[in-house]
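Observations on the model geometry
Chain by chain, the residues:
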Amino acid sequence: MTQKQLKEVMKFHLSNFNDEEVEINDETIHNTVLSDSDGYGAANSKAIYRASIRWTMKKNAHQDKPWPTDWFDKSVEYLSSKIL
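Residues numbered from 1 in each chain as written. Predicted model: local features only at pLDDT ≥ 70, side-chain atom pairs only at ≥ 80, totals over all residues. Heavy atoms only, no water.

In the Ramachandran plot, Glu-21 falls in the positive-phi region, its phi being about 60 degrees despite a non-glycine side chain. When you line up the elements, Glu-21 lands in the loop between α1 (3–16) and α2 (45–59). What makes Glu-21 exposed here is its relative accessible area of 71%. At Ala-61, a position not held by glycine, the phi torsion is positive, near 65 degrees. By secondary structure assignment, the location of Ala-61 is in the loop between α2 and α3 (76–83). For Ala-61, a relative accessible area of 71% translates into the label exposed. (Helix = DSSP H or I, 4+ residues; strand = E, 2+ residues; numbered from the N terminus. Buried < 20%, exposed > 50% of the residue type's maximum accessible area, 1.4 Å probe, protein only.)

Most often, soluble globular proteins have nonpolar side chains that are buried together. Among the nonpolar cores identified, the biggest contains 14 residues, and Met-10, Leu-34, Tyr-49, Ile-53, Trp-67 and Trp-71 are the most heavily contacted of them. At the level of secondary structure, the elements contributing two or more residues to this core comprise α1, α2 and α3. Setting aside its immediate chain neighbours within four residues, Leu-34 contacts Leu-14, Phe-17, Ser-45, Lys-46, Tyr-49, Trp-71 and Phe-72. (Core = buried A, V, L, I, M, F, W, Y, C linked by side-chain atoms within 4.5 Å. Contact = heavy atoms within 4.5 Å.)

Within the element layout of this structure, Thr-28 appears in the loop between α1 and α2. The exposure class of Thr-28 is buried, given its relative accessible area of 4%. A polar contact is formed between the side chain of Thr-28 and the backbone oxygen of Glu-23, at a distance of 2.9 Å. The contacts of Thr-28, once residues within four sequence positions are left out, are Leu-14, Val-22, Glu-23, Val-33, Lys-74, Ser-75 and Val-76. (Polar contact = N/O pair within 3.5 Å; in protein donor to acceptor, adjacent residues only side chain to side chain.)

Functional significance is not addressed by these values, which are geometric in nature.
Below is the structure:
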């Protein structure tokens, strides 16, 4: 999986949670779309998104690297460069 492919997956998943109608692109900041209080307990958009991306990485034979602690306040471009 290339960084370009990862960013496409990330943007796809962000668009699934995008009831805020934010423009989804490489510069989209995660916290403008995702939330840790929009679901039921641990089943919220922030946790589901992170789990989906981690699953995708593992399924494509990539290491499950630690995510930066500030990922939620950063862009798709930034996060993809840190976890690939």
